[in-house]
Amino acid sequence: MNLLAETTTLDGSLSSIVSKLSDLMDSFWVYIVMALAVVVVIWGAYIGIKIAIAHKNEEKINARDMVKNLIIGIIIIFVVAMGAPLLIEGLSAWVG
């Protein structure tokens, strides 16, 4: 009997946590995307300037590596940004 009450309380707690996480993601999602976009634009401009002023081959190679890292970073950010809401929805379906 006690175990059933604890299980019900745990399910209620998990459900409450998932709903609060979902509400938090919904309220801050626009700001998170805007902040990430600003970081990508500023870093992209920095890399563009580095490429434009690169005079030696070694500097150009380093700048190209920075472009590759920027693209990889954007892909990782996109995967995390798309995966977080799906993870929260999965938790919601698992708990609910």
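Shown above is the structure to which this text applies.
No experiment lies behind these values; they were computed from the predicted model shown.

About the cut-offs
- Residues numbered from 1 in each chain as written.
- Predicted model: local features only at pLDDT ≥ 70, side-chain atom pairs only at ≥ 80, totals over all residues.
- Heavy atoms only, no water.
- Phe/Tyr/Trp six-rings, centres within 6.5 Å; stacked < 30°, edge-to-face > 60°.
- Helix = DSSP H or I, 4+ residues; strand = E, 2+ residues; numbered from the N terminus.
- Patch = residues over 30% accessible without salt bridge, like charges linked within 9 Å, V, L, I, M, F, W, Y side chains within 5 Å.
- Areas by Shrake-Rupley, 256 points an atom, 1.4 Å probe, with all protein chains shown as cover.
- Salt bridge = Lys/Arg side-chain N within 4 Å of Asp/Glu carboxyl O.
- Buried < 20%, exposed > 50% of the residue type's maximum accessible area, 1.4 Å probe, protein only.

Describing the packing of aromatic side chains
Here is step 1: Taken as a whole and assessed by the stated rule, the structure comprises one aromatic pair.
Here is step 2: The interplanar angle of 35° and the centroid separation of 5.0 Å between the aromatic rings of Trp-43 and Tyr-46 together place this pair among those described as tilted. Here the residue Trp-43 and the residue Tyr-46 both occupy positions in helix H1 (residues 2–53), the gap between them amounting to three residues, near one helical turn.

A few points about a nonpolar patch on the surface
Here is step 1: The grouping of Ile-17, Leu-21, Leu-24, Phe-28, Val-30, Tyr-31, Ile-32, Met-34, Leu-36 and Ile-77 at the surface amounts to a nonpolar patch, some 890 Å² of accessible area in total.
Here is step 2: Among the elements that make up the nonpolar patch, the one with the highest residue count is H1 (nine residues).
Here is step 3: Structurally, the position occupied by Ile-32 is in helix H1.
Here is step 4: A relative accessible area of 36% means that Ile-32 is categorised as partly exposed.

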